[in-house]
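# Residue-level structural notes
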Amino acid sequence: MKREGVRIVSVTAYDFSFARLLDKAGVDLLLVGDSLGMVIQGHATTLPVTLEQMIYHTAAVVRGASRAMVVCDMPFGVCHGGGVATMDAAVRVLKETGCQAVKLEGGVYMADTIRFLCAHQVPVLGHVGLTPQSVHALGGFKVQGRGADAERILADAVAVAEAGAFAVVLEGIPVSLAQRITERLDIPTIGIGAGRWCDGQVLVMHDLLGLYEAVVPRFVKRYLPENTVPQAVGRFVEEVRSGQFPAAEHGYVDSLVAGA
Ligand code: KIV
């Protein structure tokens, strides 16, 4: 899709019925995100989510998907043991759910683990920038890669790509940095709060439907109540494909002074 210039549409899903609806609407990639810890379970962060819970939700999503690729997020604490430990967890995920790939948060420090999984035939989606599992280390859910920090995020994205990831999520980084990374990598970038130049976009389903009120970041566009739920999802698919979403107001700029 990157080579053909077709924008990739991804939405998070956590259960059978919504997976079916999103699949029918033409979403390409259903991400069973550990964001379920916040939008389903009501925690303040994603950290409490367990591997068992991810397997439970991913299996339900797989049953609802007849066309879209399904990716399971590896929750906090599962990937710190290196390649073999992470591979053991990934084998469980693939065997017990039927999904096609796993997602790992982290750049340079996670590259060896990603390389090990890819060498052992487990497709990996990377995730760099504002990685929510690092919320405490980052001092909150803060935009990353502003100023000199941009080089660190670029190095993270390159490390993930060189390790063999098939695509990488860019979260919460300036639009210009996401553009640089997208031009630099052969693999697709899938943005969330990373602006319009990414090869695809992902949103948390509860955000695009306006169902999660605890935090509403500027990159979120709500497609309800003007539409029914299937229309809202269809509209999101159309707007990502056509490049209408995200608009300038959904992106972050380089400097804290120049923008939020
Ligand atoms: O957990 C999640 O839903 C995610 C996406 C927001 C990229 O990681």
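Because the structure is predicted, anything quoted here is derived from the model rather than measured. (Residues numbered from 1 in each chain as written. Predicted model: local features only at pLDDT ≥ 70, side-chain atom pairs only at ≥ 80, totals over all residues. Heavy atoms only, no water.)

## Observations regarding the overall build of the protein chain
Across its full length, the protein chain carries 10 helices and eight strands. Relative to a compact globule of 260 residues, whose C-alpha radius of gyration would be 18 Å, the protein chain shows 17 Å and is just as compact. Along the three orthogonal principal directions, the C-alpha set of the protein chain runs to about 45 × 45 × 40 Å. Counting the 260 residues in the protein chain, one finds 57% classified as buried. Counting contacts in the protein chain only where the partners sit at least 6 residues apart, residues at least 24 apart contribute 62% of the total. For the protein chain, the accessible surface area stands at approximately 11,100 Å², while carbon and sulfur atoms represent 57% of it. If the 22 positive side-chain charges of the protein chain are averaged to one point and the 26 negative ones to another, these points end up 3 Å apart. (Helix = DSSP H or I, 4+ residues; strand = E, 2+ residues; numbered from the N terminus. Rg over C-alpha atoms; globule rule 2.2 N^0.38 Å. Buried < 20%, exposed > 50% of the residue type's maximum accessible area, 1.4 Å probe, protein only. Contact = heavy atoms within 4.5 Å. Areas by Shrake-Rupley, 256 points an atom, 1.4 Å probe, with all protein chains shown as cover. Lys, Arg positive; Asp, Glu negative; His and termini not counted. Charge placed at Lys NZ, Arg CZ, Asp CG, Glu CD.)

## Section: the packing of aromatic side chains
Tallied over the entire structure, the rule returns three aromatic pairs. Their ring planes at 75° and their centres at 6.5 Å tell us that F219 and Y252 sit as a pair that is edge-to-face. Here the residue F219 occupies a position in the loop between α9 (205–208) and α10 (229–242), and Y252 occupies one in the segment after α10, the gap between them amounting to 33 residues. The exposure class assigned to Y252 is buried, which follows from its relative accessible area of 9%. (Phe/Tyr/Trp six-rings, centres within 6.5 Å; stacked < 30°, edge-to-face > 60°.)

## Topic: the nonpolar core
Core analysis: the biggest nonpolar cluster contains 85 residues, and L30, M74, V102, L104, L170, I181 and F236 have the highest contact counts within it. Element by element, the count of residues in this core is highest for helix α7 (residues 150–162), at seven residues. Excluding anything up to four places from it in sequence, V102 contacts V71, C72, M74, A90, V93, L94, L117, V122, P123, V124 and L125. (Core = buried A, V, L, I, M, F, W, Y, C linked by side-chain atoms within 4.5 Å.)

## Considerations on the pattern of salt bridges
The tally for this structure, following the rule as stated, stands at 13 salt bridges. Between R152 and D149 there is a salt bridge; the shortest N-O distance is 2.7 Å. Owing to a relative accessible area of 23%, D149 belongs among the partly exposed residues under this scheme. Measuring nitrogen to oxygen at the nearest pair gives 3.1 Å for the salt bridge that ties R180 to E151. Separated by 29 residues along the polypeptide, R180 in helix α8 (residues 175–184) and E151 in helix α7 bring together distant segments of the chain. The structure contains a network of salt bridges with shared partners spanning K221, R235, E238 and E239. (Salt bridge = Lys/Arg side-chain N within 4 Å of Asp/Glu carboxyl O.)

## Here we look at the packing of helix α1 (residues 16–24) against α10
Direction vectors running N to C along α1 and α10 enclose 50°, while the axes themselves pass 9 Å from each other. Viewed along their axes, α1 and α10 adopt a mutual orientation that is oblique. α10 is crossed by α1, and the crossing has right-handed handedness. Between α1, through F18, L21 and L22, and α10, the contact on the second element is made entirely by V229, P230 and V233. Looking at the contact of α1 with α10 residue by residue, the class counts come to six nonpolar, no polar and no charged. (Axes fitted to C-alpha atoms, helices over the stretch in contact; angles between N-to-C directions. Parallel < 35°, antiparallel > 145°, perpendicular 65-115°, else oblique. Left-handed = near helix turned anticlockwise from the far one by under 90°. Nonpolar A, V, L, I, M, F, W, Y, C, P; charged D, E, K, R; others polar.)

## Concerning the packing of α1 against helix α3 (residues 51–64)
Relative orientation of the contacting elements α1 and α3 amounts to 40°, with a least axis distance of 7 Å. The angle between α1 and α3 falls in the class oblique. Crossing of α1 over α3 shows right-handed handedness. Contacts from F16, A19, R20 and D23 in α1 reach A60, V61, R63 and G64 in α3. Along the lines of polarity and charge, the residues of the contact of α1 with α3 split into four nonpolar, one polar and three charged.

## Comments concerning the site of the ligand
Inspection of the region around the ligand gives T12, L31, G33, D34, S35, D73, K103, H127, V169, I192 and V204 as its neighbouring residues. In the environment of the ligand, an oxygen atom lies 2.5 Å from a nitrogen or oxygen atom belonging to the side chain of S35. At 3.1 Å from an oxygen atom of the ligand is found a side-chain nitrogen or oxygen belonging to D73. Bound to the protein, the ligand loses 97% of the 260 Å² it would expose on its own. (Near = heavy atom within 4 Å. Polar contact = N/O pair within 3.5 Å; in protein donor to acceptor, adjacent residues only side chain to side chain.)

## Observations concerning the environment of V143
Positionally, V143 belongs in the loop between α6 (135–138) and α7. Along the chain, V143 and E171 lie 28 residues apart, while their C-alpha atoms are 8.3 Å from each other. Ignoring anything within four residues of it in the chain, the contact list for V143 reads L130, G172, I173, P174 and Y252.

In short, geometric facts, not functional conclusions.
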